[in-house]
Amino acid sequence: MMIDKIKSIAQGLETRKTSLSKQALPAVNDNVQISEAAKLKFSESKLQAMITSTTNLVLSMPEDGERVQKVLDIKNKIQSGTYDFQSASVLDSTAENFLSISLAKTE
């Protein structure tokens, strides 16, 4: 019978577990390099997120006409792409304002 023939053939077959030796595998050293453009884009997006959160925080505070107008002007410049994220005065001012607002919030 055909089933008996298949059964007798299958008895001779065995499964074996094989183990890979760590010595047999070649050592792989991965190296990732991030371009300066990608780093700049990341820092810009981080700064933009910080500005957005600060904007939301400032706008949630009681209205101060001059402050609200400055925030709206900066927001419009960011959306139009004319805001200079890299100028030292912008970075210093943003960092100082962010820290003062954050510290005031924790007190």
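As the structure is a prediction and not an experimental result, all values here were calculated from the model.

Draft legend 1. Inspection of the pattern of salt bridges at higher detail. Scanning the entire structure with this criterion turns up two salt bridges. The salt bridge involving Lys39 is made with Glu36; its shortest N-O contact spans 3.5 Å. Here Glu36 and Lys39 lie together in helix H2 (residues 36-60), a separation of three residues that amounts to about one turn. A relative accessible area of 43% places Lys39 in the partly exposed class. Note that Lys70 is salt-bridged to Glu66, the shortest N-O span being 3.7 Å. Of this pair, Lys70 and Glu66 both sit in helix H3 (residues 65-80), four residues apart, roughly one helical turn. Taking the relative accessible area as the measure of exposure, Glu66 reaches 55% and is therefore exposed.

Draft legend 2. Geometry of H2. Taking 1.5 Å per residue as the helical rise, H2 with its 25 residues ought to reach 36 Å, and the 36 Å between its terminal C-alpha atoms agrees with that figure. Within the span of H2, buried status applies to Leu47, Ile51, Thr54, Thr55 and Val58.

Draft legend 3. Seen up close, the nonpolar core. Listed in full, the six residues of the largest apolar core are Leu47, Ile51, Ile78, Tyr83, Phe85 and Val90. With residues up to four places along the chain from it excluded, the contact list for Ile51 reads Ile74, Ile78, Tyr83, Phe85 and Thr94.

How each quantity is defined
Residues numbered from 1 in each chain as written. Predicted model: local features only at pLDDT ≥ 70, side-chain atom pairs only at ≥ 80, totals over all residues. Heavy atoms only, no water. Salt bridge = Lys/Arg side-chain N within 4 Å of Asp/Glu carboxyl O. Helix = DSSP H or I, 4+ residues; strand = E, 2+ residues; numbered from the N terminus. Buried < 20%, exposed > 50% of the residue type's maximum accessible area, 1.4 Å probe, protein only. Expected span 1.5 Å × (residues − 1). Core = buried A, V, L, I, M, F, W, Y, C linked by side-chain atoms within 4.5 Å. Contact = heavy atoms within 4.5 Å.

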